[in-house]
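Analysis of the macromolecular model
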Amino acid sequence: MSLPIPLSQHIIRRPQRIALLAHIVEQGSITRAAKSAGLSYKAAWDAIDELNNLAQKPLVERSVGGKGGGGARLTAEGERVLRLYQRLQVLQAEVLGSDEAASDFNLLGRLMLRTSARNQLHGQVIAIDQQGRNDRVRLQLAGGLTLDAQITHDSTQRLELETGVEVVALIKAGWLELLAIEHSATPGHNCMRGTVDAILDADDGPSEVRIALPNGQVLCALAQPDALKAIGAASGTAIQVQFAPSNVLLGTPV
């Protein structure tokens, strides 16, 4: 029942999001599951994107023809994680049988990191190339995708990074740049191809664009409507997303 360390920590730190998996099983629809879990439809998909990105395999996938709109179902990996979560609930009930134990868990919760970065991708270090005071760290993501992060050599040492170490790559939505599929990427930048999953417009700011990657992970970018129109971005169209290695933050499990 082994899981990626970031996902294991997420189960402990954000149990309400893992519980959403049970609501999906019960309701058979993301719309009804979100309502049952007390979440908005957008918040439910944000939770699903985060879970899928932290897992080695997608936990939730869209189902075609679901009743109530926005159908979704658990993958075999999602069912496995849900079983583990249900086992954890039983163990947690036993451990939290005293006020002292509950206080200790609250302390652990405060020490675990939560970030404002919309994109959190689980990966494994496969190479570290020292470039002066900086290191270029290459990560292997799910499905064979890779990305590069540029951090200081001191950060590499402080995080104790080496080949095989699991990390979480953090990328703010505003740091992603969308390109038409025929455009060339900026040399030295990370560039990934995907499909526009959804565009969520806002009245007073940029639109939120969800890009589904071939490995099942999802990136969230921000772009002005005029810029999206200029590159022909629409739901279901192929698109590229690029970002500088210096805009990738790395975190390791505590």
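Residues numbered from 1 in each chain as written. Predicted model: local features only at pLDDT ≥ 70, side-chain atom pairs only at ≥ 80, totals over all residues. Heavy atoms only, no water.

1. Quick word on the overall build of the protein chain
- Check the secondary structure of the protein chain and you find eight helices and twelve strands.
- Taking all 254 residues of the protein chain together, the buried fraction comes to 42%.
- Counting only contacts in the protein chain whose residues sit at least 6 apart along the sequence, the fraction spanning at least 24 positions is 63%.
- As displayed, the protein chain has an accessible area near 13,200 Å², and 50% of this comes from carbon and sulfur atoms. (Helix = DSSP H or I, 4+ residues; strand = E, 2+ residues; numbered from the N terminus. Buried < 20%, exposed > 50% of the residue type's maximum accessible area, 1.4 Å probe, protein only. Contact = heavy atoms within 4.5 Å. Areas by Shrake-Rupley, 256 points an atom, 1.4 Å probe, with all protein chains shown as cover.)

2. Section: the sheet that holds strand β3 (residues 119-131)
- Ordered in space as β5-β4-β3-β6-β12, the five strands form an open sheet in which the pairing is antiparallel. Only two strands of the sheet have a single partner each, and these edge strands are β5 (146-152) and β12 (249-251). Neighbouring strand axes in the sheet, compared pairwise and without regard to direction, differ in orientation by 45° on average.
- Direction of pairing for β3 relative to strand β4 (residues 134-140): antiparallel, over a ladder of seven bridges. Each residue of the ladder has a partner; that of A127, found in β4, is R138.
- Here helix α4 (residues 41-54) sits on the sheet in contact with β3 and β6 (166-171), set at roughly 40° to β3. (Pairing = 2+ DSSP bridges. Axes fitted to C-alpha atoms, helices over the stretch in contact; angles between N-to-C directions.)

3. A few points about the sheet that holds strand β10 (residues 218-223)
- The sheet built from five strands is open, its strands ordered β7-β11-β8-β9-β10 with antiparallel pairing. Two strands close off the open sheet at either side, each with one partner strand: β7 (177-179) and β10. In this sheet, adjacent strand axes meet at a mean angle of 45° when their direction is disregarded.
- Two elements, strand β8 (residues 190-200) and strand β9 (residues 207-212), share five bridges in a ladder whose sense is antiparallel. Residue pairing for β9: V196 is matched across the bridge by I211.
- Lying on the sheet, α4 is in contact with β8, β9 and β10; it crosses β9 at an angle near 40°.

4. Some thoughts on the packing of helix α3 (residues 30-37) against α4
- Their axes nearest at 9 Å, the elements α3 and α4 cross at an angle of 100°. The angle between α3 and α4 falls in the class roughly perpendicular. Along the contact surface, α3 presents I30, T31 and A34, while α4 presents Y41, A44, W45 and I48.
- Per-class residue counts for the contact of α3 with α4 are six nonpolar, one polar and no charged. (Parallel < 35°, antiparallel > 145°, perpendicular 65-115°, else oblique. Nonpolar A, V, L, I, M, F, W, Y, C, P; charged D, E, K, R; others polar.)

5. Side note on the environment of I126
- By the secondary structure assignment, I126 is in strand β3.
- Its relative accessible area of 34% is what places I126 among the partly exposed residues.
- Separated by eleven residues in the primary sequence, I126 and V137 place their C-alpha atoms 7.8 Å from one another.
- Other than its neighbours up to four places away in sequence, I126 contacts R138, L139, Q140, T146 and T163.

6. Describing the pairing of β5
- Relative to β5, β4 runs antiparallel, the two being bridged by seven bridges. What sits directly across from L139, in β5, is L147.
- The hairpin formed by β4 and β5 contains five residues between the paired strands, and G143 there has a positive phi angle of roughly 70°.

7. Here we look at the environment of P225
- Along the chain, P225 falls in helix α8 (residues 225-230).
- Given a relative accessible area of 40%, P225 falls into the partly exposed group.
- In sequence terms P225 and D201 are 24 residues apart; their C-alpha atoms lie 7.8 Å from each other.

8. Focus: unusual backbone geometry
- A positive phi angle is found at E160, which is not glycine, with a value near 55°.
- With respect to the helices, strands and loops of the structure, E160 is situated in the loop between α7 (153-158) and β6.

9. Digging into the pairing of β10
- Across the six residues of β10, five count as buried, placing the element largely inside the fold.
- Both β9 and β10 contribute to a ladder of six bridges, which runs antiparallel. Across the sheet, residue E208 finds its bridge partner in β10, namely L222.

10. Observations concerning α3
- What α3 keeps buried is the set I30, A33 and A34. Summarising the axial view, the buried residues of α3 lie within an arc of 100°, below the 170-degree limit, and thus occupy one face. (Arc of directions from axis to C-beta.)

Coordinates in, geometry out; function isn't part of it.
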